[in-house]
Amino acid sequence: MLKDKKILIGITGSIAAYKVIELVRLLIKAGAEVKVILTPAATQFVSPLVLSTLSKNTVLTEMFTESGWSNHVMLGRWADVMVIAPASCNTLSSMASGRCDNLLLAVYLSAVCQILCVPAMDEDMWMHPATKRNLEQLRTDGNTIMDVGVGDLASGLNGSGRMAEPQDIFNAIESLLTTNNSLLQKKVLITAGPTYEKIDPVRFIGNFSTGKMGFALAEVFANRGADVTLVAGPVNIQAHHPNIQRIDVSSASEMHKEVAARFPDADVCIMSAAVADYRPSEFSETKIKKQGDSLNLMLEKNADILSEMGKQKKDSQILVGFALETNNEEAYAMQKLKNKNADYIVLNSLQSAGAGFGYDTNNITIFNRSGRMYTSGIKSKKEIASEIANIISQHL
């Protein structure tokens, strides 16, 4: 997908600059043409020689050199996408205010391509109100901002502020350059992940869903221009696209409330979350102590969110449900499609190797009211999300 695409990478002064070496390698391997700009501070963290060797292009650091003038206007017009990674707190501030005191900023202000900013800084800097204002201004200006990770930081602390990993940045670049607008301005509501039904303050009933399929759907639909609302259960995944509004919930009742409030305005609703069918009838305010050889829990049924939305669905809305089955898969999927008044049911089978909870791949069959209409075979969840988006686009 990136063959012959022109990628301009701006590297700023951050210890995370070392990760960009791997990013350049991935881009070159994919057939992209890569040029690199370093700020003066960045040269203290990463070698221009290494980057020029990998990119097969001279690394630029100064506006004026002994060999001549670095034409920032032409660089800004050359690129299909400009990636600023790592984007330090100082550079983000300069970009937001329109400062132009180094080559990277001059190229940024001259660029007519899409801009992807990949922040990296310490947690206190990331959380500072000034940084939040700068990021909001950059989004308003049309830049795409990747979220930061959580983990060990250069300061020795552990928290938010880590730069995204090279593969994630590569995926984001690929998404930016393969975007189509088939779902422009459509409102898409997606649920993802598990729900946790509390037993006491330390225990819950849950399932093994990781939310990977739902988050892949959210990214794909956002890349196609949709305004996505993602209602996510307890998962350890970040949503990176600025068109995604994420709402975190824990229980089935919380998910039901958020979905019900937003469903009337949705053009498309995709229920990919693994919602608990039952919850404990009583919640213990204190930890239940171990007594005897057994513990009896009384469970009561949760609201069936897909069924509830099916009853409210207007003819203009598209409702997609997911079914995870272990036996009689097709019969159960078709029964669910009919009973829930859905337009499509996406069947996952735990009988398929490499499919189901926790995998980066999946194997699905999509049913409409006429019966089977698409079988994916084993593919990445991102590829499957794209196929689902294709079907929805054609339907619309």
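Scroll up to find the structure this text is about.
Residues numbered from 1 in each chain as written. Predicted model: local features only at pLDDT ≥ 70, side-chain atom pairs only at ≥ 80, totals over all residues. Heavy atoms only, no water.

## A look at the overall build of the protein
Going by this rule: By definition, any uninterrupted DSSP run of H or I lasting at least four residues is a helix, any uninterrupted run of E lasting at least two residues is a strand, and each is numbered from the N terminus. The atom set for the radius of gyration is the C-alpha atoms, and the globule formula is 2.2 Å times the number of residues raised to the power 0.38. Here the term buried applies to any residue with accessible area under 20% of the maximum for its type, exposed to any over 50%, and partly exposed to those in between, with areas from a 1.4 Å probe on protein chains only. Contact definition: two residues touch when any of their heavy atoms are within 4.5 Å. Note that accessible areas follow from Shrake-Rupley with a 1.4 Å probe, and for residues the cover is restricted to the protein chains shown. Two residue types count as positive, namely Lys and Arg, and two as negative, namely Asp and Glu; His and chain ends fall outside the count. Each charge is placed at NZ for Lys, CZ for Arg, CG for Asp and CD for Glu.
Each helix and strand counted, the protein has 13 helices and 23 strands in total. Compactness check: the protein gives a C-alpha radius of gyration of 24 Å against a globular reference of 21 Å for 396 residues, within 12% of the reference. Dimensions of the protein, computed from C-alpha atoms along their principal axes, come out at roughly 80 × 50 × 40 Å. Scored against the burial criterion, the 396 residues of the protein give a buried share of 48%. Contacts in the protein between residues far apart in sequence, at least 24 positions, make up 66% of those at least 6 positions apart. Counting every atom, the protein has about 19,200 Å² of accessible surface; 49% of that belongs to carbon and sulfur. Of the side-chain charges in the protein, 39 are positive and 41 negative, and the distance between the mean point of each set is 3 Å.

## Digging into the packing of aromatic side chains
The relative placement of two aromatic rings is captured by the distance of their centres and the angle of their planes. For the record, the criterion: Any Phe, Tyr or Trp ring, taking Trp's six-membered ring, that has another such ring centre within 6.5 Å forms a pair; planes under 30 degrees apart are called stacked, those over 60 apart edge-to-face, and the others tilted. Our definition puts a charge over a ring when NZ of Lys or CZ of Arg is within 6 Å of the ring centre and also within 35 degrees of the ring normal.
A full pass over the atoms with the stated rule returns one aromatic pair. An angle of 15 degrees between the planes, with centres 3.8 Å apart, marks the rings of Tyr196 and Phe204 as stacked. Residue classification places Phe204 among the partly exposed positions, given a relative accessible area of 43%. Directly above the aromatic system of Trp78 lies the positively charged group of Lys35, at a separation of 4.5 Å from the ring centroid.

## Here we look at the sheet that holds strand S14 (residues 244–248)
Strand pairing in a sheet relies on backbone hydrogen bonds, with the paired strands running either antiparallel or parallel. To keep things clear, this is the line we draw: The pairing criterion is simple: DSSP has to find at least two bridges between the two strands. Axis definition: a line fitted to C-alpha atoms, over the contacting stretch in the case of helices. Angles run 0 to 180 degrees between N-to-C directions.
What the eight strands build is an open sheet, ordered S14-S13-S10-S15-S18-S19-S21-S22; its pairing is mixed. Each edge of the sheet is formed by a strand with only one pairing partner; in this case those strands are S14 and strand S22 (371–375). Going from strand to strand, the sheet's axes swing by 20 degrees on average, the running direction of each strand aside. In this sheet, strand S18 (residues 318–325) lies alongside strand S15 (residues 268–271) in parallel orientation, the contact comprising four bridges. The partner of Cys269 across the bridge, within S18, is Leu319. The sheet contacts of helix H12 (residues 329–339) involve S18, strand S19 (344–349), strand S21 (364–368) and S22, and relative to S19 the element is tilted by about 155 degrees.

## A few points about empty space enclosed by the protein
Our working rule: Space inside and on the surface of the protein is sampled on a 1 Å grid over the protein atoms alone, with a cavity defined as a set of points where a 1.4 Å probe fits but cannot get out and a pocket as an open set with protein on both sides within 12 Å along at least 5 of 7 lines; lining residues have an atom within 4 Å of a point. Grid points are joined across faces, edges and corners, and a volume is the space filled by probe spheres set on the points. Put simply, Ala, Val, Leu, Ile, Met, Phe, Trp, Tyr, Cys and Pro go in the nonpolar bin, Asp, Glu, Lys and Arg in the charged bin, and everything else, Gly too, in the polar bin.
Applying the stated criterion to the full structure yields one cavity of 30 Å³ or more. Taken as a whole, the largest cavity holds about 30 Å³ of empty space. As for the largest cavity, its lining consists of Val320, Tyr344, Val346, Ile366, Ile388, Ile391 and Ile392. Of all the secondary structure elements, the ones that give two or more residues to the lining of the largest cavity are S19 and helix H13 (381–395). Considered class by class, the residues forming the lining of the largest cavity number seven nonpolar, no polar and no charged.

## Topic: the pairing of strand S2 (residues 33–38)
Put simply, the rule is: With strands facing away from the observer, any crossover in which the path from the first strand over the helix to the second runs clockwise is taken as right-handed.
Both strand S1 (residues 6–11) and S2 contribute to a ladder of six bridges, which runs parallel. Residue pairing for S2: Ile7 is matched across the bridge by Val34. The parallel pair S1 and S2, bridged by helix H1 (residues 19–29), forms a crossover whose chirality is right-handed.

## A closer look at the packing of helix H9 (residues 212–223) against H13
In plain terms, the rule: For classification purposes, an angle smaller than 35 degrees is called roughly parallel, one larger than 145 roughly antiparallel, one from 65 to 115 roughly perpendicular, and anything else oblique. Should the near helix be turned counterclockwise from the far one by less than a right angle, the crossing is left-handed, whereas a clockwise turn marks it as right-handed.
H13 packs onto H9 with a crossing angle of 55 degrees between their chain directions and a minimal axis gap of 8 Å. Classified by the angle between their axes, H9 and H13 sit oblique to one another. Handedness of the crossing formed by H9 with H13: right-handed. When H9 is examined against H13, the residues Lys212, Met213, Ala216, Leu217, Val220 and Phe221 are found in contact with a partner set consisting of Lys381, Lys382, Ile384, Ala385, Ser386, Ile388, Ala389 and Ile392. Across the contact of H9 with H13, the residue classes tally to 10 nonpolar, one polar and three charged.

## Some points on the packing of H1 against helix H2 (residues 48–55)
Interhelical geometry of H1 versus H2 gives an angle of 10 degrees and a closest axis separation of 9 Å. On the basis of the axis angle, H1 is roughly parallel to H2. Along the contact surface, H1 presents Ile21, Val24 and Ile28, while H2 presents Val50, Leu51, Leu54 and Ser55. The residue inventory of the contact of H1 with H2, partitioned by class, reads six nonpolar, one polar and no charged.

## What to know about the side chain of Lys340
Note on placement: Lys340 falls in the loop between H12 and S19. Those residues in contact with Lys340 that sit more than four places away from it in its chain are Asp304, Leu306, Ser307, Gly310 and Leu319.

## Quick notes on unusual backbone geometry
Here Ala85 and Pro86 are connected by a cis peptide whose omega angle stands at -10 degrees. Within the fold, Pro86 resides in strand S5 (residues 81–87). Phi angles above zero are rare outside glycine, and Lys56 is one such case at about 65 degrees. Within the fold, Lys56 resides in the loop between H2 and strand S3 (64–65).

## Observations concerning the pattern of salt bridges
Pairing between side chains becomes possible if they bear opposite charge and their charged atoms approach one another. Note the threshold: When a carboxyl oxygen of Asp or Glu lies within 4 Å of a side-chain nitrogen of Lys or Arg, that pair is called a salt bridge.
Using the criterion set out here, one finds 15 salt bridges in the structure. One salt bridge in this structure joins Glu174 and Lys382, with 3.3 Å as the shortest N-O distance. A residue pair is termed long-range when its members are at least 10 positions apart, and Glu174 in helix H8 (residues 166–177) and Lys382 in helix H13 qualify at 208 residues. Since its relative accessible area comes to 33%, Lys382 is described here as partly exposed. Taken together, the salt bridges that share partners define one network made up of Lys19, Arg162 and Glu165.

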